[in-house]
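# Understanding the architecture of this molecule
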Amino acid sequence: MSTADAPDAAAREGPGGSLPAAAAAGVGILPAAAAAPADRWYPWRRAAEAGMAPLLALLGAFAAFALFLLLLDKSPVEFLDLVWRGAFGSWFSLQNTLQRAAPLLLTALCVAIPARLGLVIIGGEAAVALGGLAAVAAGLPILGAPAILVWLVMGLAGAAAGAFWIGLSGWLRAERGVNETIASLVLAYIGLALFNHLVEGLLRDPASLNKPSTWGIGDALMLPALPGTDVHPGLVIGLLACGFAWVLISRTAIGFAGRVTGGNLRAAQLQGLPVRKLMIGACLLGGGFAGLAGMIEVAAVHGRANASLIAGYGWSGILIAFLARHNPLAIVPMAVLLGGLGAAGGLLQRRMDMPDATVVVLQGFIFVAILASDTLLGRYPWFQPRRTDS
């Protein structure tokens, strides 16, 4: 869990004095709790470290990827130019980027919210697919109702399906001690298999021959684009979700309790915090956001549930959450960055004769660099709190 933005006032806010503050900051920083008040520059250095870590990781990943391109006899400069043009170089490209970023905002929250409690959830891909499938199943019987009602029912169904599927991992961790990372990964494979089984069987539209799909919701019930753009309203929903998550984590008692739990589970238990409920609740909320992403993809892009929902949004959300250090506000630029890389894939394929999977290779470099940068946090004395004589 990222602890870079734990509040300095945690010791004053939480019950029990400095113990919750130490827990929220992490076991290894207990001596710093006493020194921090005397070091007024420590919060700035800590913020600088938290910001520099992902930035340097990105630069390192791009440098390693440049060497990879050179080995393939490709130009890194041309690659960067095409990525810029394909992602941000025109109004059309920017809209494509923002549309791809919309579901990434929600799937990244599926990882980031549980991570604040020390849980590593990686099953968002299944939550997206099952959320989209549940949305269609709930919307088909009421297609004659007003559009706003159909969208509301579909959204609730999609969020509920995602929350249930990710919530299973939280329940297994809280009640049975099962590792949540393994549980969410196994459940992801089960969920995707269940999705394929239903789409190709019980819920299949007989008219969908080459690409098995469910019945469609119809053009009249597709979510309209934002005024003056071709971007669907999922972008606004994603931005609102990130803002809500930031307020919940940083400005509420529940968020403070979650940070304490993630920083030091034992300390949270000693303080009498409802650790099990917090774990399950975080997974339910994160899964709900991922399921909502699936509903939006159905109602705004595809019009029906099919294999197009399994587009890697859940896996990319893991990378975005780690790049953002599980900060909901930092998720926004990271999602736009990854959405831009995806939007530029087609241009790279045409101009540099490279497969779309090249972007996935770059994402792999970035993920490895982010994991490596996390091992360096807290190792340099300059970033640590210090006592002063004044």
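Keep in mind the model is a prediction, meaning the values are calculated, not measured.

### Comments concerning the overall build of the protein chain
Secondary structure assignment for the protein chain yields 17 helices and 0 strands. When the 390 residues of the protein chain are sorted by exposure, 48% land in the buried category. Of all intrachain contacts in the protein chain linking residues separated by at least 6 positions in sequence, the fraction that spans at least 24 positions is 77%.

### Observations regarding helix α13 (residues 275-302)
For α13, with 28 residues, the first-to-last C-alpha span of 39 Å sits near the 40 Å given by 1.5 Å per residue. Of all 28 residues making up α13, 21 are buried, and the element is well covered by its neighbours. Immediately beyond the C-terminal end of α13, within one or two residues, lies glycine 303, with a positive phi of roughly 80°.

### A look at the packing of aromatic side chains
Scanning the model with the defined rule gives 7 aromatic pairs in all. Arranged with centres 6.0 Å apart and planes meeting at 70°, the rings of phenylalanine 65 and phenylalanine 365 form a pair that is edge-to-face. Taken together, the positions of phenylalanine 65 in helix α4 (residues 42-71) and phenylalanine 365 in helix α17 (residues 357-374) put the pair 300 residues apart, joining distant regions of the chain. Residue phenylalanine 65 is classed as buried on the basis of its relative accessible area, which comes to 1%. Three or more aromatic residues link up through ring pairs in this structure, and these residues are Phe65, Phe68, Phe79 and Phe365.

### Focus on unusual backbone geometry
Of note in this structure, histidine 326 is not a glycine but carries a positive phi near 65°. One non-glycine residue with positive phi stands out, namely aspartate 353, at about 55°. Here aspartate 353 shows up in the loop between α16 (345-351) and α17.

### Examining the confidence of the model for the protein chain
This prediction gives the protein chain a mean pLDDT of 86; 86% of its residues lie at or above 70. Scored below 50 in pLDDT, residues 1-36 shows 61 contacts in the model against residues more than four places distant or in partner chains.

### Notes on a nonpolar patch on the surface
A contiguous nonpolar surface patch, about 390 Å² in accessible area, is contributed by Met52, Leu55, Leu56 and Leu59. With respect to the element layout, leucine 59 can be found in helix α4. With a relative accessible area of 51%, leucine 59 lands in the exposed category.

### Let's talk about the pattern of salt bridges
The tally for this structure, following the rule as stated, stands at 4 salt bridges. Across the pair aspartate 81 and arginine 85 runs a salt bridge, and its minimum N-O distance is 3.3 Å. Taken together, the positions of aspartate 81 and arginine 85, both in helix α5 (residues 76-87) and 4 residues apart, correspond to about one turn of that helix. When its relative accessible area of 37% is taken as the criterion, arginine 85 is described as partly exposed. The residue arginine 304 makes a salt bridge to aspartate 205 at a minimum N-O spacing of 3.7 Å. Placement of the pair is arginine 304 in the loop between α13 and α14 (313-323) and aspartate 205 in the loop between α9 (180-199) and α10 (234-251), with a sequence separation of 99 residues.

Rules and cut-offs
- Residues numbered from 1 in each chain as written.
- Predicted model: local features only at pLDDT ≥ 70, side-chain atom pairs only at ≥ 80, totals over all residues.
- Heavy atoms only, no water.
- Helix = DSSP H or I, 4+ residues; strand = E, 2+ residues; numbered from the N terminus.
- Buried < 20%, exposed > 50% of the residue type's maximum accessible area, 1.4 Å probe, protein only.
- Contact = heavy atoms within 4.5 Å.
- Expected span 1.5 Å × (residues − 1).
- Phe/Tyr/Trp six-rings, centres within 6.5 Å; stacked < 30°, edge-to-face > 60°.
- pLDDT = per-residue confidence, 0-100.
- Patch = residues over 30% accessible without salt bridge, like charges linked within 9 Å, V, L, I, M, F, W, Y side chains within 5 Å.
- Areas by Shrake-Rupley, 256 points an atom, 1.4 Å probe, with all protein chains shown as cover.
- Salt bridge = Lys/Arg side-chain N within 4 Å of Asp/Glu carboxyl O.

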